Amino acid sequence: MVVLSNPGIEQLSCVGNCKPTTLFSGIPIIDLSKPDSKHLLVKACEEFGFFKVVNHEVPMELISRLESQAINFFSLPLSEKEKAGPPNPFGYGNKSIGPNGDVGWVEYLLFTINQESISQRLLPVFGHNPNEFRSALNDYISAVKKMACEILEMMADGLIIQPRNVFSKLLMDEQSDSVFRLNHYPPCTGPGIQTLNSNNMIGFGEHTDPQIISVLRSNNTSGLQISLGDGNWISVPPDQNSFFINVGDSLQVMTNGRFKSVRHRVLANSMKSRVSMIYFGGPPLSEKIAPLPPLMKGEEESLYKEFTWFEYKRSAYNSRLADNRLVLFQKIAAS
């Protein structure tokens, strides 16, 4: 395990010794090679909005290459990393998360999924030779995007709706508004700031993802937690060889609430650096988001007003992390 020394966020701090919480081993594990996986995917999305996938066929070589490049970047002096920023919202961010006052024990790189955006952020840092980092990013993004689309098509099969690319086509669209994020959470030690209690420092505050689907992979360091339906938080055991999938707000709306957008957060670790890579699969900005007719049963009505992805993205960007973003788009039942 590489532990990064990180001058870039040494102004952040934590209270206590940031002990990890109890791990939870009951999350759904989906073997993508099994014929019954489409039904298990649906069940996991209904009950948790979250699951782990194994036998995903994303080469470990691609994963290791990008993690190595991320570690190299986050190990640079702060003055070098800041050349990839400021985050508006894309680029290098440090401590601040979004424009509305959220902070955490984290630094990150955020990209749109296109060559120009990636090159624009990497060139100032690596001069005229960002090719190794860019190549690692592109290869990884291509592989996880393919996997995300396969998972979405399996979900459609499990829901028995046609066409089976009803979800995945939104990610495959040339105008797809997908983004990619690299997060780094340094070891958390010293006197401090925002805490949950005397032992846990917030790395990334609680939130749901607004897009359709999120594909997360991290190194072998704990910190990720998800919220269960009863409001309790559970810690997810790390697994650097597998991927974790989140249902996003948009997919919850498209299934009329049948799938649950999972609320999650990251707690800092007192001993190890945590490096995570997240692909957020989003629709085109002009795409109208509404429950799919095949998923409406009988006289059942939509729980949500129709909106475009642009409208929802703008609303989410103007909110705090912990806000319930969908509440503004819910239909109010007549009294």
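Keep in mind that this is a model prediction, so the values were computed, not measured.

1. A closer look at the environment of N219
Along the chain, N219 turns up in the loop between strand 7 (213–218) and strand 8 (224–227). Along the chain, N219 and N241 lie 22 residues apart, while their C-alpha atoms are 8.4 Å from each other. Separated by 3.2 Å, the side chain of N219 and the backbone oxygen of S273 make a polar contact.

2. Regarding the sheet that holds strand 9 (residues 233–235)
Strand order in the open sheet formed by four strands is 6-11-8-9, with antiparallel pairing between adjacent strands. Looking at the sheet topology across the chains shown, the edges are occupied by strand 6 (202–207) and strand 9. Averaged over neighbouring strand pairs, the angle between their axes works out to 25 degrees when direction is ignored. In the sheet, strand 6 pairs with strand 11 (residues 264–267) via three bridges, with the strands oriented antiparallel. Along strand 11, the bridge assignment pairs H207 with H264.

3. As for the pattern of salt bridges
Scanning the model with the defined rule gives 13 salt bridges in all. Salt-bridge contacts for R217 lead to E67; the nearest nitrogen and oxygen are separated by 2.3 Å. Taken together, the residues R217 in strand 7 and E67 in helix 2 (residues 60–74) connect sequence positions 150 residues apart. Here R217 matches E67 in class, with each residue buried. A salt bridge links K83 to E80; the shortest N-O distance between them is 3.2 Å. Salt bridges here are not isolated pairs; linked through shared partners, they connect E61, R65 and D139.

4. Quick notes on the nonpolar core
Counting residues in each nonpolar core, the largest one holds 68 residues, and the members touching the most others are F51, I151, M155, F167, F180 and L182. No other element matches helix 5 (residues 131–159), which puts 16 residues into this core. If you look at the next biggest cluster of nonpolar residues, it comprises 22 residues, including F48, Y108, L216 and F280.

5. Things to note about the side chain of H56
Within the secondary structure layout, H56 lies in the loop between strand 2 (50–54) and helix 2. Of the polar contacts made by the side chain of H56, one reaches the backbone oxygen of N241; its length is 2.9 Å. When residues no more than four places from it in sequence are discounted, the contact partners of H56 are L32, I63, M147, N241, S242 and F243.

6. Quick notes on unusual backbone geometry
Omega for the bond connecting G85 with P86 falls within 30 degrees of zero, at -5 degrees, which places this linkage in the cis form. If you trace the backbone, P86 turns up in the loop between helix 3 (78–81) and strand 3 (91–97). Of note, E57 is a non-glycine position whose phi angle comes to about 70 degrees, a positive value. A positive phi is found at I160, a non-glycine position, where the angle reads about 60 degrees. Residue position: I160 is located in the loop between helix 5 and helix 6 (168–172). For I160, a relative accessible area of 73% puts it in the exposed group.

7. Brief notes about the packing of helix 2 against helix 5
Running from N to C, helix 2 and helix 5 cross one another at 135 degrees; their axes reach a closest spacing of 9 Å. Considered as vectors, helix 2 and helix 5 are oriented oblique to each other. Helix 2 and helix 5 meet at a crossing whose hand is left-handed. Each of L62, I63, R65, L66, Q69 and F73 in helix 2 lies in contact with helix 5, whose residues at this interface are E132, F133, S135, A136, L137, D139, Y140 and A143.

8. What about the side chain of Q69?
Along the chain, the position of Q69 falls in helix 2. By relative accessible area, Q69 is classed as buried at 11%. Once you skip the residues sitting within four places of it in the chain, Q69 turns out to touch E132, F133 and A136.

Criteria and thresholds
- Residues numbered from 1 in each chain as written.
- Predicted model: local features only at pLDDT ≥ 70, side-chain atom pairs only at ≥ 80, totals over all residues.
- Heavy atoms only, no water.
- Helix = DSSP H or I, 4+ residues; strand = E, 2+ residues; numbered from the N terminus.
- Polar contact = N/O pair within 3.5 Å; in protein donor to acceptor, adjacent residues only side chain to side chain.
- Pairing = 2+ DSSP bridges.
- Axes fitted to C-alpha atoms, helices over the stretch in contact; angles between N-to-C directions.
- Salt bridge = Lys/Arg side-chain N within 4 Å of Asp/Glu carboxyl O.
- Buried < 20%, exposed > 50% of the residue type's maximum accessible area, 1.4 Å probe, protein only.
- Core = buried A, V, L, I, M, F, W, Y, C linked by side-chain atoms within 4.5 Å.
- Contact = heavy atoms within 4.5 Å.
- Parallel < 35°, antiparallel > 145°, perpendicular 65-115°, else oblique.
- Left-handed = near helix turned anticlockwise from the far one by under 90°.

Purely geometric stuff here, so don't read any function into it on its own.
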